[in-house]
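The chain contents come next:
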Amino acid sequence: QVQLVESGGGLVQAGGSLRLSCAASGNIERLNTRGWYRQAPGKQRELVASITSGGGTNYADSVKGRFTISTDNAKNTVYLQMNSLKPEDTAVYYCAVRVLTTWRYWGQGTQVTVSS
């Protein structure tokens with residue numbers, strides 16, 4: 001069984017920074033892609049950033065240049081460094097693991113609130 005536990009959310013002023021962490025336990029294949037999604041009230045869940053086992057990254061246009069995704073394979077943890085936060089970044093952030101073409105495993109979510 002795979003479990004993902006996020007941490008690091010909170011309340012921050014616009015322009016500030018937060019770092020989210022997602023620790024994985026269980027049978028996580030090192031070849032899987034890891035990602036961060038977010039969902040704001042009344043909006044669809046969107047993929048914010050992803051990272052492959054080879055270190056290739058992909059970002060939503062809205063966060064390029066501000067967010068950085070990284071992994072610590074020894075700790076089986078994926079991070080999302082968020083800088084220059086904006087009120088529109090306010091959402092529940094979820095980490096996820098993709099198996100083949102499906103985002104199969106999800107964390108419980110962590111709230112990020114950016115005040116103006």
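Preceding this section is the structure that the text describes.
These remarks concern the structure in this document. In this text, all values refer to a predicted model and were calculated from it rather than measured experimentally. (Residues numbered from 1 in each chain as written. Predicted model: local features only at pLDDT ≥ 70, side-chain atom pairs only at ≥ 80, totals over all residues. Heavy atoms only, no water.)

So, the overall build of the protein
The number of helices and strands found in the protein is 0 helices and 11 strands. In the protein, the succession of α and β elements from N to C terminus is β-β-β-β-β-β-β-β-β-β-β. With the C-alpha coordinates aligned to their principal axes, the bounding extent of the protein is approximately 40 × 25 × 25 Å. Evaluated residue by residue, the protein yields a buried proportion of 42% over its 116 residues. (Helix = DSSP H or I, 4+ residues; strand = E, 2+ residues; numbered from the N terminus. Buried < 20%, exposed > 50% of the residue type's maximum accessible area, 1.4 Å probe, protein only.)

Notes on the sheet that holds strand β3 (residues 18–25)
Taken together, the 4 strands give an open sheet; going across it, the order is β1-β3-β8-β7, and neighbouring strands pair in antiparallel fashion. The strands lining the two open edges of the sheet, one partner per strand, are β1 (3–7) and β7 (67–72). Each strand of the sheet is rotated relative to its neighbour by a mean of 15°, with strand direction disregarded. Across 5 bridges, β1 lies against β3 in antiparallel orientation. Within the sheet, the bridge partner assigned to V5 lies in β3 and is A23. (Pairing = 2+ DSSP bridges. Axes fitted to C-alpha atoms, helices over the stretch in contact; angles between N-to-C directions.)

Points about the pairing of strand β8 (residues 77–82)
Judged by how many residues are buried, β8 sits mostly within the fold: 5 of 6 residues are covered. Examined bridge by bridge, β7 and β8 share 6 bridges and lie antiparallel to one another. Paired with D72 across the strands is T77, a residue of β8. If you look at the hairpin formed by β7 and β8, you'll find 4 residues sitting between the two strands, and N76 has a positive phi there, around 55°.

Examining the packing of aromatic side chains
Tallying each qualifying case throughout the model produces 2 aromatic pairs. For the pair Y37 and W103, a centre-to-centre distance of 5.5 Å together with 80° between the ring planes defines the contact as edge-to-face. Here W103 lies in strand β10 (residues 102–106) and Y37 lies in strand β4 (residues 33–39), a separation of 66 residues in the sequence. Each member of the pair Y37 and W103 is classed as buried. Among the aromatic side chains, those forming a connected cluster through ring pairs are Y37, W103 and W106. When the ring centre of Y94 is taken as origin, the NZ or CZ atom of R45, which lies over that ring, is 3.9 Å away. Here R45 stacks its cationic end above the ring of W106, 4.8 Å away from the centre of that ring. (Phe/Tyr/Trp six-rings, centres within 6.5 Å; stacked < 30°, edge-to-face > 60°. Lys NZ or Arg CZ within 6 Å of the ring centre and 35° of its normal.)

Quick word on the nonpolar core
Grouped together as the largest cluster of nonpolar side chains are 28 residues, with contacts concentrated most on W36, F67, I69, L80, M82 and Y93. Mapped onto this core, the elements with two or more residues apiece are β3, β5 (46–51), β7, β8, β9 (91–99) and β11 (110–115). Once you skip the residues sitting within four places of it in the chain, Y93 turns out to touch E6, L20, W36, Y37, R38, V48, F67, L80, M82, G109, T110 and V112. (Core = buried A, V, L, I, M, F, W, Y, C linked by side-chain atoms within 4.5 Å. Contact = heavy atoms within 4.5 Å.)

Describing the side chain of R66
Among the structural elements, R66 can be located in the loop between β6 (57–59) and β7. Excluding residues that lie within four positions of it along the chain, R66 makes contacts with Q81, M82, N83, S84, L85, K86 and D89.

Let's talk about the pattern of salt bridges
One pass over the structure, following the stated rule, counts 4 salt bridges. Close ionic contact of R38 with E46 constitutes a salt bridge, the shortest N to O distance being 2.7 Å. Put simply, R38, E46, R66 and D89 are held in one network by salt bridges that share partners. (Salt bridge = Lys/Arg side-chain N within 4 Å of Asp/Glu carboxyl O.)

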